[in-house]
Amino acid sequence: MIEVRDLNKSFGPHQVLDGVSFSIDKGESVVIIGRSGGGKSVLLKHLIALLQPDSGQVLIEGEDIVPMNERQLLRVRRKFGMLFQGAALFDSMTVAENVAFAFRRDRSLPEPEIARKVAHVLELVDLPGIENKNPSELSGGMRKRVGLARAIVYQPEIILYDEPTTGLDPIASDSIDKLILRVRDRLDVTSVVVTHDMRSARRLGQRILMLHNKKIYATGTPDEIFESQDPVVRQFVEGVSDLKEAI
Amino acid sequence: MSFWGKWISEWLEGLGQLTLLTREAIGSLFTFKVAWRDLLYQVYFIGVKSQSVVLITGAFTGMVLGAQTYFQFHKVRMDTATLAVVSVSMCSELGPVLTGLMVAGRVGAAIAAELGTMRVTEQIDALRTLATHPVDYLVVPRLLALHAALPLLTAESIAVGIGAGYLVGVYLLGIDPTYSWYNMVKYTTPGDVIVGIVKAVIFGGIVAMIGCYKGLFCGEGAQGVGRATTEAVVYSSITILITNFFLTLVLGKIFHTF
């Protein structure tokens, strides 16, 4: 469903991705792990063409989206939903307006139907009855849930999660993880999760890709990654820093 | 690359991006997918909310222009031509330029700050993931609203400026009201009014496009938003002043105002 071929990306003189290649099957749940600032979010944004690579291909159902312009991409992006690191809710709108945004732009559904879908999806993310609240009134965890509701309301085929548990307490993180699993199972979607939270990675991924030194360094099932004897993988899984990094 | 080489290169790159953004916005206008609710809100924010600043600017410009013109014309016994000068100046130059500058300061800054904040908080990326083109949703309503609101604000500023000039001239400085009115109507042509309104339409486009461009392409963080806001005001104001000179020549030729 998603295939990345030889992706290269630099910001000025700083290269972030160097020949990254992998593929993700339909319905699969893949977690991308790696150090902070290592290019995970950059890689994720290439999958939905929010960033353009210097070279390489990104194929969505066999169609290369790299050469497409912004208008051609609108059609492809209808297959996607994305949860941003900071939720990226529109702060000038209420929760209901945020969630219903895509429907209102389409003008394809009558208002009562939109309201019904919004209520249903807010129930799915365990936040019923908050339609009229503003994003500024919500906690970090609630904002992420609303962001997820907005991403799934029009039933995309692929959902991208950018650091879904970053900045949340362990209990809120756990509830977001369970929510992602619930969404995956109920909607039967392809999921790509970027995280450095190893507990989340183990729970959410059917397969884990580790990004290290601008390349996909390791790939395997969660068990394979967690039992790997490779020193780089072990260091990341165990969360041990080098002495010079600790100072 | 030298400092000037780098500066020219960045300036040309910015001009190219602004041109592409403008082309995209014009193309989007012809898709006829305008969000009327957003457009109405922008007309309200730009038009209604700018009333006070435009009225004050227009009134005091008309008053000071009337007084200064009278002081000079009184020396050569041309007192009753004062209002004609106020009228022609307000219609073709001061009305559109000062309204454009005031709106650039108020609205151009607000547009750049709002879009810049949306960019740094990933709200623009969120729009794109929701299959919405940022130009359709953010730029086009602002462009249309400024094209509609600035001529109306300019007309209002012109009327208030002339009225204020009349009050100062007639009631404070004692100019004959009948001859003043007669001379004003005689020397102010429909061309003067049309030139002012056409300029306002063009200045509206300048404020909208530069504000949107600076917001959509702003740098990271609070510093990026701050810089984008400042640059939107400075570049809009300078562009209005430079464009005004060429418009005066071109439109004057077309409408025979000189």
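Details of the structure are given in the entry above.
Since the model is a prediction, treat every value here as computed from it, not as a measurement.

What am I meant to see in the overall build of chain B here?
Scanning chain B from terminus to terminus reveals nine helices and zero strands. Of the regular secondary structure in chain B, the N- to C-terminal order runs α-α-α-α-α-α-α-α-α. With respect to the principal axes defined by its C-alpha atoms, chain B has extents near 65 × 50 × 35 Å. In chain B, which comprises 258 residues, the share counted as buried stands at 48%. Excluding contacts between residues fewer than 6 apart, the proportion of contacts in chain B whose partners are at least 24 apart in sequence is 89%.

Could you clarify how one ought to interpret the overall build of chain A in this entry?
From N to C terminus, chain A includes eleven helices and ten strands. For chain A, whose C-alpha radius of gyration is 18 Å, the value lies close to the compact-globule estimate of 18 Å for 247 residues. Once the C-alpha set of chain A is aligned to its principal axes, its extents read approximately 55 × 40 × 35 Å. Counting every position in chain A, which comprises 247 residues, the buried fraction comes to 39%. Considering only intrachain contacts with a sequence separation of at least 6, the fraction spanning at least 24 residues in chain A is 64%.

Looking at this structure, I do not really get the interface of chain B and chain A. What am I missing?
When the parts of a complex come together, some accessible area is lost, and that lost area is often used as the size of the interface. Chain B puts eleven residues into the contact, and the matching count from chain A is 16 residues. Per-class residue counts for the side of chain B that touches chain A are three nonpolar, five polar and three charged.

Help me out: how do you make sense of the sheet that holds strand E5 (residues 63-64) of chain A in this one?
Sheet strands pair via backbone hydrogen bonds, and the direction of the pair is either parallel or antiparallel. All names here are of chain A. In spatial order, the strands read E2-E1-E4-E5; together these four strands make up an open sheet with antiparallel pairing. At either end of the open sheet lies a strand with only one pairing partner, and these are strand E2 (14-24) and E5. Relative to strand E4 (residues 55-60), strand E1 (residues 2-11) runs antiparallel, the two being bridged by five bridges. What sits directly across from Val-4, in E4, is Val-58. Here helix H1 (residues 40-47) sits on the sheet and contacts E1, E2 and E4; the angle it forms with E2, its principal contact strand, is near 55 degrees.

Would you mind going over unusual backbone geometry with me for this structure?
Excluding glycine, most residues fall at negative phi; most peptide bonds, likewise, are trans. Residues and elements named next belong to chain A. In the Ramachandran plot, Asp-6 falls in the positive-phi region, its phi being about 50 degrees despite a non-glycine side chain. Here Asp-6 is to be found in strand E1. The phi dihedral of Asp-188 is positive, around 55 degrees, even though this residue is not glycine. By the element assignment, Asp-188 lies in the loop between helix H7 (170-187) and strand E8 (190-194).

Honestly, the packing of helix H1 (residues 3-29) of chain B against helix H6 (residues 134-172) of chain B in this entry has me stumped. Any pointers?
All names here are of chain B. Their axes nearest at 10 Å, the elements H1 and H6 cross at an angle of 85 degrees. As the angle between them shows, H1 and H6 are arranged roughly perpendicular. Listed contacts from H6 to Glu-24, Ala-25, Ser-28 and Leu-29 of H1 are Val-135, Asp-136, Val-139, Val-140 and Leu-143. Split into classes, the residues belonging to the contact of H1 with H6 amount to six nonpolar, one polar and two charged.

Any chance you could explain the pairing of E2 of chain A here in plain terms?
Residues and elements named next belong to chain A. Inspection of the sheet shows E1 paired to E2 by eight bridges, in the antiparallel sense. Along E2, the bridge assignment pairs Leu-7 with Val-20. Connecting E1 to the next strand, E2, in antiparallel fashion are two residues, including Gly-12 with a positive phi near 65 degrees.

Please clarify how the nonpolar core should be interpreted in this entry.
Counting 128 residues, the largest nonpolar core has Ile-32, Val-99, Ala-149 and Leu-160 of chain A together with Leu-146, Val-207 and Cys-212 of chain B as its most contacted members. In terms of residue count, the dominant contributor to this core is helix H4 (residues 82-120) of chain B (20 residues). Beyond its immediate stretch of four places on either side in the chain, Val-99 of chain A contacts Val-118, Val-121, Leu-122, Val-146, Ala-149, Arg-150 and Val-153 of chain A.

Just to check I follow, could you spell out the sheet that holds strand E7 (residues 158-162) of chain A for this structure?
Residues and elements named next belong to chain A. Read across the open sheet, the six strands follow the order E6-E7-E8-E3-E9-E10; overall the sheet is mixed. What marks the edges here is a single partner per strand, and that holds for strand E6 (80-83) and strand E10 (215-220). Here the average twist between neighbouring strands, direction ignored, is 20 degrees. Strand direction decides the pairing type here: strand E3 (residues 29-34) and strand E9 (residues 207-212), joined by five bridges, are parallel. Paired with Val-30 across the strands is Arg-207, a residue of E9. Sitting on the sheet, H1 touches E3, E7, E8 and E9, and the angle it makes with E8 is about 155 degrees. Helix H10 (residues 231-238) contacts E3, E9 and E10 of the sheet and is inclined by roughly 105 degrees relative to E9.

Cut-offs applied
- Residues numbered from 1 in each chain as written.
- Chains lettered and ligands numbered in written order.
- Predicted model: local features only at pLDDT ≥ 70, side-chain atom pairs only at ≥ 80, totals over all residues.
- Helix = DSSP H or I, 4+ residues; strand = E, 2+ residues; numbered from the N terminus.
- Buried ≥ 20, exposed ≤ 12 C-beta atoms within 10 Å, placed from the backbone.
- Contact = placed C-beta atoms within 7 Å.
- Rg over C-alpha atoms; globule rule 2.2 N^0.38 Å.
- Nonpolar A, V, L, I, M, F, W, Y, C, P; charged D, E, K, R; others polar.
- Pairing = 2+ DSSP bridges.
- Axes fitted to C-alpha atoms, helices over the stretch in contact; angles between N-to-C directions.
- Parallel < 35°, antiparallel > 145°, perpendicular 65-115°, else oblique.
- Core = buried A, V, L, I, M, F, W, Y, C linked by C-beta atoms within 7 Å.

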